[in-house]
Amino acid sequence: MHINFQLILLLSVTMTHHLTLAQTCNERQLPGPTLVDMCGESGMLMSFLDSFVRKNEKISGICERVRPIETPDPEYDYIVVGGGAAGSVVAARLSEISHWKVLLLEAGDDEPASAQIPSFTTDIEGSSLEWGYLTTNESHACLSTNASCTYAAAKALGGCTVHNGMIYLRGNPTDYNNWAAMGNEGWTWDEVKPFFLKVEDNGEIDRVGRFWHATGGPLFVERSRYQPPFTDSILRAAEEAGFGVSEDLNGDETTGFAIVQTTSKNGVRRSSATSYLRPIRNRENLHISLNTTVTRVIIEDGKAVGVEYFKNDEFKTVRALREVILSAGNVKSPHILLLSGIGPKEHLESMGITVVKDLPGVGSNYHDHPYFMLSFTINENDVYDNDWAVAAEYLTFQTGPLSSYGIAGAIAHIASTATTPDYPDIQIFSAGYQADCAPGEIGALRSTGRRTVTLSALYLHPKSRGRISLASNDPFESPLIWGNFLSETSDVVGILEGINIVHKLTNSNTLRSHNMTLSMSILEACRGYTFATTEYWKCALHQAVKPVGHGTGSCKMGPKHDAMAVVDHKLRVRGIKGLRVADTSIMPQIITGNTASPTMMIGERVSEFIKESSGLSSESRMGVVPTK
């Protein structure tokens, strides 16, 4: 049987017109990590799947990849630092103006082909694609891992949109109205909504409607083409338990359980770089330099005039005639500002860095969504969800288990007792049934036990705040990241309410019919408490809560009277001309949901601000990314 399916697969991928062998593409070799790198020598399947994914244009996009330059020119009109969720958007939008010369500098390489397969999301996030950041000196969280939490951040063109769960959530309208109420003019929901719509090309517009959604933008979104049957059980359990089911958490019904849309198209991941940069890869006024680490912004007479970067073992500089835009992410954007002499005066002096601008808020206000994962077994054999037949289906049609991230599309937003019904503060997200690393044989078992699924309780409105600071003035030494997670009691209480929601869900008749059973080892530090009681969970949270990877706030936006604000409402760095920041770091408060889509909105927003400040007419400022 094993050999027969290999032969079927070989025939299907070599004979069907769905597979485009990229022999005519004179492109650079796609970077790793490969599936073999991530999975190890688990059998022929991973090597075979990786090889054919790379050659399949519909999956890898090998013939549409950007064409990076080796050496930037001496000067550009605009320099964008970081090609992630926001930076790709900014580079694409600014280069719409044909007489503007734009440079995008990205520390990582292009997206690996392996990242295009939705089911391998967890493997990608734990791979060599990561920056490898860790938080330090935590007092209230991650105590079981030496008071250090993992900080997820991808080092690749596309940034977090290359390794995230592809969840398309935009936050709650109240989030943006709150930003505006803090003194950030122009950031109400009604003012940012057009920019969300500008991003979007919704593949289910007839279902979700045009009041909340749009078509024609660069980013395609859809519900995953494949949903494991257990997903339906979660929704039926939600109805039974009284939580309700929402057709669209981005629409009228902002609470309840839902199968959310994802940033994918026809079973393949769509990153910001795929969506915004590949269609304009031939645009002559946009240069993209990969594997290029920016070490500081060059400031002369209070104005940003360029950047210093490191590439091919050399430090070099490039000039910006108009502006520099930092879109390097919640860790790297403040890191670069600090290395450039912009930040808290005392801290910079202690690191031997000349103070260019005393901005005490740089690196402060860092926060993230904390979450706690509960593990359960169900009455199914623990089989691998990937095998030769599954691989054949995906390579041929981009359907089946490899085209989705298991049951991760089942997400809930629920309002706790601490908030209003229309402003949910708890997210429940699911994991399981991932078709990833596997030996290949149909019916092969991961273990002799039962299948495991997880439900995680995440607090959407954390009050705890941490800080990002320099470890030294060496640009290649990672900054110190201190999350200070769970330092506020309200964050603990919020996650505890989330755990109660999970218990209520799993005690439904629907999930009890699956014999869904809590299956977690008792934490050594919490043995003094009765397992699964409130007091036990309180102890366990401090041991095992983690940040989900939505790092936010370290270069926060705020009005003049806010001494800790780093950028103004048009994302201009205070006291420095020609310098802006555009990524999650500018969020004064984290949004109610996953952060990728809001970050793209921020990229659209800052692009419009820049075009407005340049004196372009409204007609010249409008438009979508063309194909030429």
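Each remark here, short or long, concerns the structure printed above.
The structure contained in this document is the topic of the report that follows. (Residues numbered from 1 in each chain as written. Predicted model: local features only at pLDDT ≥ 70, side-chain atom pairs only at ≥ 80, totals over all residues. Heavy atoms only, no water.)

## What to know about the overall build of the protein
On a plain count of helices and strands, the protein comes out with 19 helices and 25 strands. Expressed as lengths along the three principal axes of its C-alpha atoms, the size of the protein is roughly 70 × 60 × 45 Å. Every one of the 628 residues in the protein was classed for burial, and the buried ones make up 62%. The long-range fraction of contacts in the protein, counting pairs at least 24 apart against all pairs at least 6 apart in sequence, stands at 74%. Once the 54 positive and 69 negative side-chain charges of the protein are each reduced to a mean point, those two points are 4 Å apart. (Helix = DSSP H or I, 4+ residues; strand = E, 2+ residues; numbered from the N terminus. Buried < 20%, exposed > 50% of the residue type's maximum accessible area, 1.4 Å probe, protein only. Contact = heavy atoms within 4.5 Å. Lys, Arg positive; Asp, Glu negative; His and termini not counted. Charge placed at Lys NZ, Arg CZ, Asp CG, Glu CD.)

## Regarding the packing of aromatic side chains
Enumeration over the complete set of coordinates arrives at 25 aromatic pairs. Through a chain of ring-to-ring contacts, the aromatic side chains of Tyr 176, Trp 179, Trp 187, Trp 189, Phe 196, Phe 211, Trp 212 and Phe 609 assemble into a single cluster. Seen from the ring of Phe 196, Arg 170 lies directly overhead, with NZ or CZ sitting 5.7 Å from the centre. Against the face of Phe 211 rests Lys 193, its NZ or CZ located 3.6 Å from the ring centre. (Phe/Tyr/Trp six-rings, centres within 6.5 Å; stacked < 30°, edge-to-face > 60°. Lys NZ or Arg CZ within 6 Å of the ring centre and 35° of its normal.)

## Points about helix H3 (residues 44-55)
Its 12 residues place the ends of H3 17 Å apart at the C-alpha level, agreeing with the 16 Å of an ideal helix rising 1.5 Å per residue. Listed as buried for H3 are Leu 45, Met 46, Phe 48, Leu 49, Asp 50, Phe 52, Val 53 and Arg 54. (Expected span 1.5 Å × (residues − 1).)

## Comments concerning the nonpolar core
Counting residues in each nonpolar core, the largest one holds 80 residues, and the members touching the most others are Ile 79, Leu 277, Leu 571 and Leu 579. Take this core: its biggest share by element is 6 residues, from helix H18 (residues 596-613). (Core = buried A, V, L, I, M, F, W, Y, C linked by side-chain atoms within 4.5 Å.)

## Comments concerning the environment of Ala 415
Mapped onto the elements, Ala 415 comes out in the loop between strand S18 (410-414) and strand S19 (426-431). Its relative accessible area of 29% is what places Ala 415 among the partly exposed residues. C-alpha of Ala 415 to C-alpha of Gly 483: the two residues are 68 residues apart in sequence and 25 Å apart in space. Residues contacting Ala 415, with those up to four places away along its chain left out, are Thr 420, Pro 421, Pro 424 and Asp 425.

## Some words on the state of the cysteines
Considering all chains together, one arrives at 3 disulfides under this definition. With a sulfur-sulfur separation of 2.0 Å, Cys 142 is cross-linked through a disulfide to Cys 149. On the sign convention where negative is left-handed, the bridge of Cys 142 and Cys 149, at about 115° about the S-S bond, is right-handed. Grouping residues by exposure puts Cys 142 and Cys 149 together as buried. Here Cys 526 pairs with Cys 539 through a disulfide, and the sulfurs are 2.1 Å apart. Here Cys 526 and Cys 539 share a disulfide; its torsion about the S-S bond, -90°, makes the bridge left-handed. (Disulfide = S-S within 2.5 Å.)

## Details of the environment of Glu 191
Inspection of the secondary structure assignment puts Glu 191 in helix H8 (residues 189-199). A relative accessible area of 34% means that Glu 191 is categorised as partly exposed. Residues Glu 191 and Val 318, 127 residues apart in the sequence, show an inter-C-alpha distance of 35 Å. Residues contacting Glu 191, with those up to four places away along its chain left out, are Gly 186 and Arg 605. Separated by 3.4 Å, the side chain of Glu 191 and the backbone nitrogen of Trp 187 make a polar contact. (Polar contact = N/O pair within 3.5 Å; in protein donor to acceptor, adjacent residues only side chain to side chain.)

## Here's the deal with the sheet that holds strand S22 (residues 480-482)
Strand order in the open sheet formed by 3 strands is S16-S21-S22, with antiparallel pairing between adjacent strands. What marks the edges here is a single partner per strand, and that holds for strand S16 (364-366) and S22. Looking at each pair of strands side by side, their axes are set apart by 35° on average, direction ignored. For S16 and strand S21 (residues 466-469), the ladder comprises 2 bridges, and the chain directions are antiparallel. Bridging from a neighbouring strand, Ser 364 pairs with Arg 467 of S21. Seen against the sheet, helix H12 (residues 329-339) touches S16, S21 and S22 and runs at an angle of roughly 50° to S21. (Pairing = 2+ DSSP bridges. Axes fitted to C-alpha atoms, helices over the stretch in contact; angles between N-to-C directions.)

## Topic: the side chain of Glu 138
One can find Glu 138 in the loop between strand S3 (133-134) and strand S4 (150-151). At 10 Å, Arg 467 is the nearest oppositely charged side chain to Glu 138, a buried residue that forms no salt bridge. At 2.7 Å, the side chain of Glu 138 forms a polar contact with the backbone nitrogen of Gly 483. Among residues more than four places away in sequence, those in contact with Glu 138 are Leu 143, Ala 147, Cys 149, Ile 481, Trp 482, Gly 483, Asn 484 and Phe 485. (Salt bridge = Lys/Arg side-chain N within 4 Å of Asp/Glu carboxyl O.)

## What about the environment of Glu 75?
Positionally, Glu 75 belongs in strand S1 (residues 75-81). The partly exposed category is assigned to Glu 75, whose relative accessible area is 40%. In contact with Glu 75, not counting residues within four places along its chain, are Lys 101, Val 318, Arg 319 and Leu 321.

## Thoughts on the packing of H8 against H18
Interhelical geometry of H8 versus H18 gives an angle of 105° and a closest axis separation of 9 Å. In terms of axis orientation, H8 runs roughly perpendicular to H18. Residue-level contacts link Glu 191, Val 192, Phe 195, Phe 196, Lys 198 and Val 199 of H8 to Ser 597, Pro 598, Met 600, Met 601, Glu 604, Arg 605 and Glu 608 of H18. (Parallel < 35°, antiparallel > 145°, perpendicular 65-115°, else oblique.)

## Some thoughts on the pattern of salt bridges
Throughout the structure, instances matching the rule amount to 27 salt bridges. For Asp 73, the salt bridge is made with Lys 101, and the minimal N-O distance between the two is 2.8 Å. With a gap of 28 residues between them, Asp 73 in the loop between helix H4 (57-60) and S1 and Lys 101 in the loop between helix H5 (87-94) and strand S2 (102-105) connect regions that are remote in the sequence. For Lys 101, a relative accessible area of 29% corresponds to the partly exposed category. The salt bridge partner of Arg 93 is Glu 604, with a shortest N-O separation of 2.8 Å. Of this pair, Arg 93 sits in helix H5 while Glu 604 sits in helix H18, and the two are 511 residues apart along the sequence. With a relative accessible area of 0%, Arg 93 lands in the buried category. One salt-bridge network, held together by shared partners, links Arg 93, Glu 96, Lys 198, Glu 604 and Lys 611.

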